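Geometric and topological summary
One-letter residues, chain by chain:
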Amino acid sequence: MFQPKLGVSLHTIMLPLVPESLEEISKSSIATLEISPKLFATKEQQHLLKQMLSKNKIRVASIHTLFGGIYDFSILDENMHQNAIAQFDISLKLAIELNAPLIVLHASSDTVKTEERQNRLKQAKKGLKKIEEQCIKFNKKIAVEVLPRTCLGNTIEELLKLIEGLDEQTFGICLDTNHLMSDYQDLPNKVRMLNKKLMTLHLSDYDGIDEKHQIPGTGVINWKSFMTALNNIDYKGPFNYECKIEGETISSKIKSLETNFNWICNL
């Protein structure tokens, strides 16, 4: 049975990482975290997070790779492509260090030209294939994210094609609920289409036109239907918020998050 636990992309409530904020998180009902490498300006900050985790039941569910520019697997220039693959090590090492089972990855940066799309898809797939062996070796899964606009993976069908032929136990999908552009009404069907390929979520709301990363319930998404669809597929992955959260302080943001989570779970 689908039983969500509250998760959040840590950079949405805290940037940079500070000890006082970690203390507030440790007292909250947050169960899982998604971590971006950009949270850490120093090794000490990473140590502080590990220290907090060791004293609580909170776990790091996923690492979100850095994306765009030099991190773009689909870039056609071969030297830049090889550099993007090398940059993936930042996230892999962090996943190993923090014992995170999953790494979320963007297949491309924004504004993919129509005439380049097929070649960019081939290049992205080649990049995913290159990291496959390492991910299997260290038992890390990769969730390629549904992206908006002209990015690669802007439809479920294209994403599933992108990971086709790759190790099925390693590669799956991260569904960002505010990246479907005008297809928001079809979100429950997208969940069912993904089924066991759905590894993690980025939860937020929007206006049905372009990504806004609003808190759930403030946009066009039918959250009751979405939750029913997750229950239909017996979803067991992270229930991870990645949105703008109201509040001037870390404690007020956490309260807003907890209130929204209680609301969405009782629809």
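A brief report on the enclosed structure follows. What you are looking at is a predicted structure, and each value in this text was computed from that prediction instead of being measured.

**Section: the packing of helix H3 (residues 78-97) against helix H4 (residues 117-137)**
With their axes 11 Å apart at the nearest point, H3 and H4 run at an angle of 35 degrees to one another. Crossing geometry of H3 relative to H4 is assigned as right-handed. Contacts from Glu78, His81, Gln82, Ile85, Phe88, Asp89 and Leu92 in H3 reach Gln123, Lys126, Gly127, Lys130, Ile131, Gln134 and Cys135 in H4.

**Description of the nonpolar core**
Ranked by internal contacts, the top residues of the largest apolar core, which has 77 residues, are Ile35 and Leu49. By residue number, the principal contributor to this core is H3, which donates six residues. Leu102, Val104, Cys174 and Met199 belong to the second largest nonpolar core, which has five residues in total.

**Examining the pattern of salt bridges**
The tally for this structure, following the rule as stated, stands at 15 salt bridges. One salt bridge connects lysine 190 with aspartate 186, and the closest N-O pair in it is separated by 3.4 Å. Classification of lysine 190 as buried rests on a relative accessible area of 7%. Residue classification places aspartate 186 among the partly exposed positions, given a relative accessible area of 27%. Among the ionic pairs, aspartate 207 bridges to lysine 212, the shortest N-O distance being 3.9 Å. The exposure class of aspartate 207 is partly exposed, given its relative accessible area of 32%. By relative accessible area, lysine 212 is classed as partly exposed at 34%.

**Structural notes on the pairing of strand E5 (residues 141-145)**
In terms of burial, E5 is largely enclosed, as four of its five residues are buried. As defined by bridge partners, strand E4 (residues 102-105) adjoins E5 across four bridges and the pair is classed as parallel. For leucine 102, the partnering residue across the bridge sits in E5 and is lysine 141. Traced from E4 through H4 to E5, the parallel crossover comes out right-handed. Of the strand pairs in this sheet, E5 and strand E6 (residues 171-176) are connected by four bridges, and their pairing is parallel. Across the sheet, residue isoleucine 142 finds its bridge partner in E6, namely phenylalanine 171. A crossover links E5 with its parallel partner E6, the connecting element being helix H5 (residues 156-163), and its sense is right-handed.

**Comments concerning the pairing of strand E3 (residues 59-64)**
Of all the six residues making up E3, five are buried; the element is thus mostly covered by neighbouring parts of the structure. As paired elements, strand E2 (residues 32-35) and E3 share four bridges and run parallel to each other. Counted as the bridge partner of threonine 32 is arginine 59 from E3. In this fold, the crossover linking E2 to E3 by way of helix H2 (residues 43-54) has right-handed handedness. Of the pairings in the sheet, the one linking E3 to E4 comprises three bridges and is parallel in character.

Conventions used here
Residues numbered from 1 in each chain as written. Predicted model: local features only at pLDDT ≥ 70, side-chain atom pairs only at ≥ 80, totals over all residues. Heavy atoms only, no water. Axes fitted to C-alpha atoms, helices over the stretch in contact; angles between N-to-C directions. Helix = DSSP H or I, 4+ residues; strand = E, 2+ residues; numbered from the N terminus. Left-handed = near helix turned anticlockwise from the far one by under 90°. Contact = heavy atoms within 4.5 Å. Core = buried A, V, L, I, M, F, W, Y, C linked by side-chain atoms within 4.5 Å. Buried < 20%, exposed > 50% of the residue type's maximum accessible area, 1.4 Å probe, protein only. Salt bridge = Lys/Arg side-chain N within 4 Å of Asp/Glu carboxyl O. Pairing = 2+ DSSP bridges. Right-handed = clockwise from strand over helix to strand, strands pointing away.

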